[in-house]
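Structural description and commentary
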Amino acid sequence: MGRKVLGLLRQELQLRYKISKSGIKCWVERLLFTVLQMLVLIFSIIIINGAVCGFSVVHGESMQPTLLEGDILLCIKLFYQPARGDIVICRTGKGYENEMVKRVIGMPGDEIFIDSNTGILYINGHPLEEPYCKEKTFQIGDNVYPVIVPKEQYFVLGDNREVSMDSRYSEIGTIDSKKIDGHVVFRASLVKKEKYNE
């Protein structure tokens, strides 16, 4: 009888050891699977942020009242073709490599003329309606008008024309299509627009 009890105890201990061993193995497998999922997620975010979409933060006043300092922007990069009126994130490629947020005004081949007397901007001889601007557009840069936008280049302006550094200045000039990093499709604002209007 004692041998039988010892045999049963030995079997019970072996079974518990197997269960505990398989429990640890299961826990390790779950941990490795979770770590693998996290790595795939991080890698996907890096790929998506680099190639598909991206985030940027507005610095300065050049896009007021449309965008305010500190606004967080989501932009689409993949397969984007700039269109007139789009708000884009771009760089100049002319030594002024900081990201800029501007509005596409002139397309390749367009003739841009700014009437210094009236502050009206003309595209191919037609006045451009700009409801997003509070002020008129004046020739505050050093470009000579009319400007013909070169092939695969874009003429960009900030909505706050009095302070914006944009294509009116030769140090920025027209923006190469390869230097347009994305089209702004969403804005999260931490500042109320009424604050700007006061």
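Let me sum up the structure you'll find in this document. (Residues numbered from 1 in each chain as written. Predicted model: local features only at pLDDT ≥ 70, side-chain atom pairs only at ≥ 80, totals over all residues. Heavy atoms only, no water.)

1. Regarding the packing of aromatic side chains
Per the stated rule, a full pass over the model turns up one aromatic pair. A centroid spacing of 6.3 Å and a plane angle of 45° characterise the contact between Phe 113 and Tyr 122, whose relative ring orientation is tilted. In this structure, Arg 103 packs its charged tip against the face of Tyr 132, placed 3.7 Å from the ring centre. (Phe/Tyr/Trp six-rings, centres within 6.5 Å; stacked < 30°, edge-to-face > 60°. Lys NZ or Arg CZ within 6 Å of the ring centre and 35° of its normal.)

2. Topic: the environment of Arg 187
With respect to the helices and strands, Arg 187 occurs in strand β11 (residues 180-188). Judged by relative accessible area, Arg 187 falls into the partly exposed class, the value being 30%. Along the backbone, Arg 187 and Cys 75 are 112 residues apart, and their C-alpha atoms lie at a distance of 9.1 Å. Only 3.1 Å separates the side chain of Arg 187 from the side chain of Asp 71, close enough to count as a polar contact. Side-chain polar atoms of Arg 187 contact the side chain of Ser 189, separated by 3.4 Å. (Helix = DSSP H or I, 4+ residues; strand = E, 2+ residues; numbered from the N terminus. Buried < 20%, exposed > 50% of the residue type's maximum accessible area, 1.4 Å probe, protein only. Polar contact = N/O pair within 3.5 Å; in protein donor to acceptor, adjacent residues only side chain to side chain.)

3. Remarks on the sheet that holds strand β5 (residues 111-114)
Taken in spatial order, the four strands of this open sheet run β7-β6-β5-β8, and their pairing is antiparallel. Whereas interior strands pair on both sides, the edge strands pair on one side only; in this sheet they are β7 (126-127) and β8 (147-148). Looking at chain direction, β5 and strand β6 (residues 121-123) are connected through three bridges and run antiparallel. Note that in β6 the partner of Ile 112 across the bridge is Ile 123. (Pairing = 2+ DSSP bridges.)

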